[in-house]
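# Remarks on the overall topology
Residues per chain are reported as follows:
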Amino acid sequence: MYTLTDTADKSIIIAAIEKVVDRITSTMGPEGRYVIIDAVNEVLATKDGVSVARWQSYEDPFEALGSKMVIDACSRTEKVAGDGTTLTALLIAEFIKAGLEDADKHSPSRAVVRMKEFVDNINLKLTEISRPVVINGEIDFNLLSAVATTSADGRKDIALPIVEMIKKVGPYGMIKVQESNMDYIETEVRNGYSLDVGAVSEGFFNAPNRCEYENPLVVIINDRIELIETLQGVLEGWNRKYARHNEGLPPQRPLVIFCNAMYGDALATLVQNSKRGYPVCVIRTPHSGDLARQVLEDIRIVTQTDRVFDVLSGDRLKDFGEDYDEFGSCLKIEATKNSTAIYFDKEQITKKGILGELIEKRVKAIEALIEKEPNMEQIYRSRIARLTTGIGVIKAGAPTDMEKSNTKTAIDDTQLACFAACKYGVVPGGGMAIPLAAKDIFHGYQDLVRSAFNKIIENAETGAEADDLFNLCIANKGLTITFQEGQIQTIDSFDAGILDATLSIQSAITNAASVATQIIRTKYFQIVKVNEKARATQ
């Protein structure tokens, strides 16, 4: 393959990143503006930083490269915290600027070490000033409502349904966000079990961004699977019992495999078969070791599966389904990249009794583990919640498709921020969390520390001087800014309910620094272009 190579120095790529970040950060704060995007087959109106970065096209290859770096960091923040993607983009530019100045004074390697030390110290301080949302299993709904409202950009119609849903599913539950045909937001709770992990490959997806099967067959394997021969008995049993042989078509009933991991020949073969029309999906399990085995047992209960196969312990899948049906089943399974929902009927009568009663017995067994292993209480409480509280469903509705898409994204990000707050607590919002954390830390990142605060005021376009407001807020710990009738006022962040999830701030600063440290130690950026003639003959 023939290639052409372009090379640029730091100044070009930094300028490209700053251009991308400037567009993203125009959305920051309560007075930040929307970005309307002409996306594929739809028009999006959004204030979501990662969406703004993702839906851009660039003629300049170095702008495209800079955008990819920003998207990577923002996406990681979005995945774990929902909120904080715009802050991540802003901090990338600020970290690069401050880091390069530090590198000129010392050296790139020394600048990177100092930056990592700063990030570690800030994250520790953020943990110290954070207030818990859940204490002894009880949720402080005032704090949770504040986080929801801040994350939803002040939209009560989004924040309140999410808070009400978390009241029902608990701090360890799960909320699925879907689109509605109505003009308003709908909510419901369904009997189901959820996982914070999803399909091992997007190649299994049979719907937009997800795999979705009704009445699937289920097989559970406590092993990492590499060779397709390991699954030969399962696949033969599936094909033998459920294939439409007379029509020469694949099995009608879908097959969902839960296992610790799948890769190599096994994964490649199943993905290829999925694309050929075989209804199959593989879902990985969370955790590892004995805890993974316990979660697989939870899945076994809710899917009415006879057993969990331990291949390494000698269980054989060769004669699977020959003498009796070892497949489990449920009403429906949905799997995205990062989550799985298993829906079931608690009133269903199984071979071993009523499903609801079997789940209750499982919960009692997990409660007994809490007494034996109190240090694992949070994990066990999470498992109990997922078995008992069901899955919350919020359907985003609006008069137009553009607003509906924006509402759906906002609900999804806000519910993630709320669950993050339940786990890790909350800190003052309005761009004051990092300044408060950095107050007693010696550092050389003055501009970075107050960058979010300044950007929020800049986007408000009130003409207010940021310096005086910042000094007032930092001198009175806990103060932040609010906007009333076009004017900026200072107010106590906890009294006013202007709060951010601690994890969103920590993720933003960590992921931004991760990108910046790589750039600081880089001299050249290369873009490899495939020769047009070679591309045409591939």
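Data block above holds the structure.
Residues numbered from 1 in each chain as written. Predicted model: local features only at pLDDT ≥ 70, side-chain atom pairs only at ≥ 80, totals over all residues. Heavy atoms only, no water.

It is worth spelling out the packing of helix α1 (residues 10-25) against helix α4 (residues 85-105) at this point. Running from N to C, α1 and α4 cross one another at 150°; their axes reach a closest spacing of 9 Å. In terms of their interaxial angle, α1 and α4 are classed as roughly antiparallel. Considering only the axes of α1 and α4, their crossing is left-handed. Note on element contacts: α4 touches α1 through Thr86, Ala89, Leu90, Ile92, Ala93, Ile96 and Leu100, opposite Lys10, Ile14, Ile17, Val21, Ile24 and Thr25. (Axes fitted to C-alpha atoms, helices over the stretch in contact; angles between N-to-C directions. Helix = DSSP H or I, 4+ residues; strand = E, 2+ residues; numbered from the N terminus. Parallel < 35°, antiparallel > 145°, perpendicular 65-115°, else oblique. Left-handed = near helix turned anticlockwise from the far one by under 90°. Contact = heavy atoms within 4.5 Å.)

Estimates place the volume of the second largest pocket at around 1,100 Å³. Taken together, 50 residues line the second largest pocket, and the ones lying closest to its centre are Gly29, Asp83, Thr150, Ser151 and Asp153. Elements with a minimum of two residues in the lining of the second largest pocket: α4, α6 (141-151), α13 (401-424), α14 (433-438), α15 (446-449), α16 (451-460), β20 (479-484) and α19 (502-520). Looking at which element gives the most residues to the lining of the second largest pocket, the answer is α13, with 5 residues. Considering only residue class, the lining of the second largest pocket consists of 20 nonpolar, 21 polar and 9 charged. (1 Å grid on protein atoms, 1.4 Å probe; cavity = no way out; pocket = protein on both sides within 12 Å on 5 of 7 lines; lining within 4 Å. Points joined across faces, edges and corners; volume = space filled by probe spheres on them. Nonpolar A, V, L, I, M, F, W, Y, C, P; charged D, E, K, R; others polar.)

With that settled, the discussion passes to a negative patch on the surface. On the surface, a cluster of negative charge is contributed by Asp345, Glu347, Glu357 and Glu360. Along the chain, Glu360 falls in helix α11 (residues 355-372). A residue is classified by how much of its surface remains accessible, and Glu360, at 51% relative accessible area, is exposed. (Patch = residues over 30% accessible without salt bridge, like charges linked within 9 Å, V, L, I, M, F, W, Y side chains within 5 Å. Areas by Shrake-Rupley, 256 points an atom, 1.4 Å probe, with all protein chains shown as cover. Salt bridge = Lys/Arg side-chain N within 4 Å of Asp/Glu carboxyl O. Lys, Arg positive; Asp, Glu negative; His and termini not counted. Charge placed at Lys NZ, Arg CZ, Asp CG, Glu CD. Buried < 20%, exposed > 50% of the residue type's maximum accessible area, 1.4 Å probe, protein only.)

It is worth spelling out the side chain of Arg450 at this point. Note that Arg450 resides in the loop between α15 and α16. When near neighbours in sequence (up to four residues on either side) are disregarded, Arg450 contacts Pro435, Ala466, Asp467 and Phe470.

Our focus in this paragraph is the sheet that holds strand β8 (residues 192-195). Overall, antiparallel pairing links the 4 strands, which are arranged β8-β15-β14-β9 in an open sheet. At either margin of the open sheet sits one strand with a lone partner, and together these are β8 and β9 (211-214). Going across the sheet, the axis of each strand differs from the next one's by a mean of 10°, ignoring polarity. Strands β8 and β15 (340-343) of the sheet are contacted by helix α10 (residues 289-302), whose axis makes an angle of about 155° with β8. (Pairing = 2+ DSSP bridges.)

With that settled, consider helix α12 (residues 377-388). Look at α12: 16 Å from first C-alpha to last across 12 residues, which is about the 16 Å you get at 1.5 Å a residue. Every buried residue of α12 is listed here: Tyr380, Ser382, Arg383, Ile384, Ala385, Arg386 and Leu387. The secondary structure elements touched by the buried residues of α12 are β8, α10 and α11. Directly beyond the C-terminal end of α12, a positive phi value near 85° is found at Gly390. (Expected span 1.5 Å × (residues − 1).)

Further remarks concern the nonpolar core. Ranked by internal contacts, the top residues of the largest apolar core, which has 75 residues, are Leu91, Phe95 and Phe118. When residues in this core are grouped by element, the largest group, 10 residues, is from α4. Apart from the residues lying within four places of it in its own chain, the contact partners of Phe95 are Met115, Phe118, Val119, Tyr445, Leu448, Ile509, Ala512, Ala513, Ala516 and Ile520. Core analysis: the next-biggest nonpolar cluster, separate from the first, contains 58 residues, Ala199, Leu231, Val234 and Cys259 among them. (Core = buried A, V, L, I, M, F, W, Y, C linked by side-chain atoms within 4.5 Å.)

Our focus in this paragraph is the packing of aromatic side chains. The tally for this structure, following the rule as stated, stands at 5 aromatic pairs. Look at Phe453 and Phe470: their rings are 5.4 Å apart centre to centre, the planes differ by 70°, and that puts the pair in the edge-to-face class. Taken together, the residues span a long stretch of sequence, with Phe453 in helix α16 and Phe470 in helix α17 (residues 466-475) at a distance of 17 residues. Among the residues examined, Phe470 registers a relative accessible area of 9% and is labelled buried. An aromatic cluster of at least three residues, connected via ring pairs, comprises Phe95, Phe118 and Tyr445. In this arrangement the basic side chain of Arg131 is found over the ring face of Phe494, its NZ or CZ atom lying 3.6 Å from the centre. (Phe/Tyr/Trp six-rings, centres within 6.5 Å; stacked < 30°, edge-to-face > 60°. Lys NZ or Arg CZ within 6 Å of the ring centre and 35° of its normal.)

Where α10 meets α12, the closest approach of the two axes is 11 Å, and the angle between their N-to-C directions is 15°. Relative to α12, the element α10 lies roughly parallel. Note that α10 runs across α12; the crossing there is right-handed. Here Leu291, Gln294, Val295, Asp298 and Val302 of α10 come into contact with α12, specifically with Ile379, Tyr380, Arg383 and Leu387.

For the rest of this paragraph, the subject is the pattern of salt bridges. Applying the stated rule across the entire model yields 26 salt bridges. For Glu63, the salt bridge is made with Lys19, and the minimal N-O distance between the two is 3.0 Å. Of this pair, Glu63 sits in helix α3 (residues 61-81) while Lys19 is found in helix α1, placing the two residues 44 residues apart along the sequence. Judged by its relative accessible area of 13%, Glu63 falls in the buried class. Glu164 serves as the salt-bridge partner of Lys167, at 3.2 Å between the closest nitrogen and oxygen. With Lys167 and Glu164 both in helix α7 (residues 156-169) and 3 residues apart, this pair spans about one turn of that helix. Owing to a relative accessible area of 41%, Glu164 belongs among the partly exposed residues under this scheme. Counted as one network, the salt bridges with shared partners bring together Lys176, Arg210, Glu212, Lys332 and Glu334.

Turning our attention to the sheet that holds strand β7 (residues 186-190). Spatial ordering of the open sheet is given by β6-β18-β7, a layout of 3 strands whose pairing is mixed. Both outer strands of the open sheet, β6 (174-179) and β7, are each paired with one neighbouring strand and no more. Here the strands of the sheet are splayed against their neighbours by 25° on average, with no regard to which way each runs. The pairing of β6 with strand β18 (residues 391-396) spans 6 bridges and is classified as parallel. Directly across from Gln178, in β18, lies its bridge partner Lys395. Against the sheet, α7 contacts β6, β7 and β18, and its axis sits at roughly 165° relative to β18. Lying on the sheet, α13 is in contact with β6 and β18; it crosses β6 at an angle near 175°.

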